[in-house]
Amino acid sequence: MTEHTASPTSVPAPKRALRSRSGLARAQRIVVKVGSSSLTTVAGGISDEALTALADVLAVRRAAGTEIILVSSGAISAGLAPLGLAKRPTQLSSQQAAASVGQGLLMARYTEAFGRHGVTVSQVLLTVEDLMRRTTHANANRAMERLLNFGVVPIVNENDTVASHEIRFGDNDRLAALVAHLVKADALILLSDVDALYDGPPSEGAVRIPQVTGMQDLEDVRIGKVGKAGVGTGGMATKVEAATISAQSGIPALVTSTANAAAALAGEDVGTWFVGRGRRQPVRLLWLAHVARIQGTLVVDDGAAKAVADRRRSLLAAGITAVTGHFEPGDPVAISDPAGNVIAHGLTNYASDELPQMLGRSTRELSKELGRSFERAVVHVNDLVILQDHKSGGAPSGPPSGASAAPGSAVASPESANTLGG
Ligand SMILES: Nc1ncnc2c1ncn2[C@@H]1O[C@H](COP(=O)(O)OP(=O)(O)O)[C@@H](O)[C@H]1O
Ligand SMILES: N[C@@H](CCC(=O)OP(=O)(O)O)C(=O)O
């Protein structure tokens, strides 16, 4: 194949976020995610009609010069019938087997459908780990950039056959958000069997939500169980989460149906638009906030909660009042205020069995006892992501203050703030 160098395929992604959904018509790099429920049925496997219709829309846009990355679910569902399975198995090894069979079938159909438009596709199977470690992240990024330069449409799925329970996304919605982040997409489009996010399960006469600008717009939204098709895993909850992850790191997201794919790409008023408003976040923090499996909880007192959430300090042992769960140093843990609200996620420097004898004790005391190897912070501020501001006594929290921690306080000196949540 000839290498494209000076064609629309090598147009760099713009640095500015699209302001509204109409900007999708001009977007240069778009991640599109399609769910199992749009492509497959339990009984019939892959729907040729649905897959071809989507490939037609995306191939036309690709031919017009827009870089398209397709995150496609459906491998497990497509593999059920060939293995004689009547429904989606719950056992991980059966899901792995079904994905292994179905992924090949899916790619064969995509290759053919895009090929009719002269568009080459490629298979990219990723695990959470590939996106988290700096070296593997950079490696995945290089491969994607090269594929896009070649004019290829990369088709991404989770590497279901090797992903274990511990490291699995499970749904592809959050994977798509991290892929959008990986390739610095202009926008993320999440396609499903429902045309938008509604204020409640659509079957109950709910009302469409056209735009989400922040968490306040989601407060009254009720999310029902996984859709009627019975083949998806994430449901609307993971789509909202993925769109939020994306929007909060500056990449706007649109949630709509596969039937609306062409209208969405043309910038028409369909679906639910999540306004991109945050700055790009390190992927490690996105993972910590939204994907990581939390292994335990550190309950902190009111002062420490305010310091961590409002003043962005490291968490010290003196402010921790209780520990639950079993974890090792480096594991993701939740930090909760005295009322039980989870205010942050962080990576702990201590194991759950080391912490009880440290709780409530000052840094000086602990330094004497533990000697030079003592790591001051139980959770360092650079390993912390704030999920909500702590509002003690119902009072609104002020802006992060630059004042240093009071003596004996359970917090360390101010450093960079990592805020993701609303
Ligand atoms: N508030 C809501 N707004 C829109 N859809 C919702 C809502 N609550 C639940 N749903 C359901 O979520 C389903 C989409 O999730 P899912 O089947 O997992 O999709 P996919 O396989 O495309 O990822 C829809 O079929 C819809 O019935
Ligand atoms: N990676 C899996 C995705 C699982 C799944 O059903 O995801 P989704 O339909 O996006 O909720 C597969 O290809 O079957």
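Residues numbered from 1 in each chain as written. Chains lettered and ligands numbered in written order. Predicted model: local features only at pLDDT ≥ 70, side-chain atom pairs only at ≥ 80, totals over all residues. Heavy atoms only, no water.

**Some points on the site of ligand 1**
- Lining the immediate environment of ligand 1, one finds 25 residues, of which Asp193, Arg222, Gly224, Gly235 and Lys239 sit closest.
- With respect to ligand 1, the side chain of Lys33 contributes an N or O atom lying 3.3 Å from an oxygen atom.
- At 2.4 Å from an oxygen atom of ligand 1 is found a side-chain nitrogen or oxygen belonging to Lys239.
- Protein contacts shield 94% of the accessible area of ligand 1, which totals 580 Å² for the unbound molecule.
- Mapped onto the shell around ligand 1, the elements with two or more residues apiece are α1 (36-39), β7 (187-192) and α8 (235-248).
- The element that contributes the greatest number of residues to the shell around ligand 1 is α8, accounting for three residues. (Near = heavy atom within 4 Å. Polar contact = N/O pair within 3.5 Å; in protein donor to acceptor, adjacent residues only side chain to side chain. Areas by Shrake-Rupley, 256 points an atom, 1.4 Å probe, with all protein chains shown as cover. Helix = DSSP H or I, 4+ residues; strand = E, 2+ residues; numbered from the N terminus.)

**Thoughts on unusual backbone geometry**
- At Lys184, a residue that is not glycine, the phi angle is positive and equals roughly 50°.
- The phi dihedral of Arg312 falls on the positive side, at around 55°, and the residue is not glycine.
- Given a relative accessible area of 9%, Arg312 falls into the buried group. (Buried < 20%, exposed > 50% of the residue type's maximum accessible area, 1.4 Å probe, protein only.)

**Quick notes on the packing of aromatic side chains**
- Tallied over the entire structure, the rule returns one aromatic pair.
- Geometrically, the ring pair formed by Tyr110 and Phe114 is tilted, given 6.2 Å between the ring centres and 45° between the ring planes. Here Tyr110 and its partner Phe114 are both found in helix α4 (residues 92-115), four residues apart, which amounts to about one turn of the helix.
- Here Tyr110 falls in the buried class, since its relative accessible area comes to 0%. (Phe/Tyr/Trp six-rings, centres within 6.5 Å; stacked < 30°, edge-to-face > 60°.)

**Brief notes about the environment of Gly214**
- Summarising the element assignment, Gly214 is placed in the loop between β8 (211-212) and α8.
- Looking at Gly214, the relative accessible area reads 6%, which means it is buried.

**Considering the side chain of Thr348**
- Turning to its location among the elements, Thr348 is positioned in the loop between β15 (342-347) and α12 (363-370).
- Within polar-contact distance, the side chain of Thr348 engages the backbone oxygen of Tyr350 at 2.7 Å.
- In this view, Thr348 contacts Phe327, Glu328, Pro329, Gly330, Asp331, Val333, Val378 and Val379; residues no more than four positions away in its chain are not counted. (Contact = heavy atoms within 4.5 Å.)

**Digging into the UniProt feature "binding site: substrate" (unreviewed entry) in the chain**
- Residues annotated in UniProt with the feature "binding site: substrate" (unreviewed entry) correspond here to Ser73, Asp160 and Asn172. Separation in sequence by 100 residues is not matched in space for these annotated residues, since their most distant C-alpha atoms are only 10.6 Å apart.
- Within the element layout of this structure, Asp160 appears in the loop between β6 (153-158) and α7 (173-182).
- The exposure class of Asp160 is buried, given its relative accessible area of 8%.
- Beyond its immediate stretch of four places on either side in the chain, Asp160 contacts Ala75, Gln96, Ala99 and Arg168.
- Within the secondary structure, Asn172 is located in the loop between β6 and α7. (UniProt positions renumbered as here; feature names shortened; annotations may be inferred.)

**Quick word on the pairing of β6**
- Among the six residues that make up β6, six are buried, leaving the element largely enclosed by the rest of the structure.
- A two-sided burial pattern is seen for β6, the buried positions comprising Val153, Ile155 and Asn157 on one face and Pro154, Val156 and Glu158 on the other.
- Alignment of strand β4 (residues 67-72) against β6, held across two bridges, turns out to be parallel. Its bridge partner lying in β6, Val71 is registered against Val156.
- As defined by bridge partners, strand β5 (residues 121-126) adjoins β6 across six bridges and the pair is classed as parallel. Bridge pairing in β6 places Leu125 opposite Asn157. (Pairing = 2+ DSSP bridges.)

**A word on the pattern of salt bridges**
- For the coordinates displayed, the defined rule picks out 10 salt bridges.
- The partner of Asp173 in a salt bridge is Lys239, with the nearest N and O atoms 3.3 Å apart. Linking Asp173 in helix α7 with Lys239 in helix α8, this pair joins segments that are 66 residues apart in sequence.
- With relative accessibility at 1%, the residue Asp173 sits in the buried group.
- Counted as one network, the salt bridges with shared partners bring together Arg21, Arg208 and Asp269. (Salt bridge = Lys/Arg side-chain N within 4 Å of Asp/Glu carboxyl O.)

**Points about the nonpolar core**
- Within the largest apolar cluster, 52 residues are counted, with the highest numbers of intra-cluster contacts made by Val31, Val156, Val179 and Phe274.
- Ranked by the residues each element gives to this core, the list is headed by α7, at seven residues.
- Contacts of Val156, omitting those with residues within four sequence positions, involve Ile69, Leu70, Val71, Ser72, Val124, Leu126, Met144, Leu175 and Val179.
- By size, the runner-up hydrophobic cluster in this structure holds 41 residues, among which are Ile68, Leu106, Phe114 and Trp273. (Core = buried A, V, L, I, M, F, W, Y, C linked by side-chain atoms within 4.5 Å.)

**Structural notes on the sheet that holds β15**
- Strand order across the open sheet formed by five strands is β13-β11-β14-β15-β17, with mixed pairing between neighbours. Taken across any chain shown, the strands that pair with only one partner, and hence form the sheet edges, are β13 (320-325) and β17 (384-386). Taking the axes of each pair of neighbouring strands and ignoring which way they run, one obtains an average angle of 25° across the sheet.
- Across three bridges, the pairing between strand β11 (residues 296-300) and strand β14 (residues 332-336) is parallel. Pairing of Thr297 across the sheet is with Ala334, part of β14. (Axes fitted to C-alpha atoms, helices over the stretch in contact; angles between N-to-C directions.)

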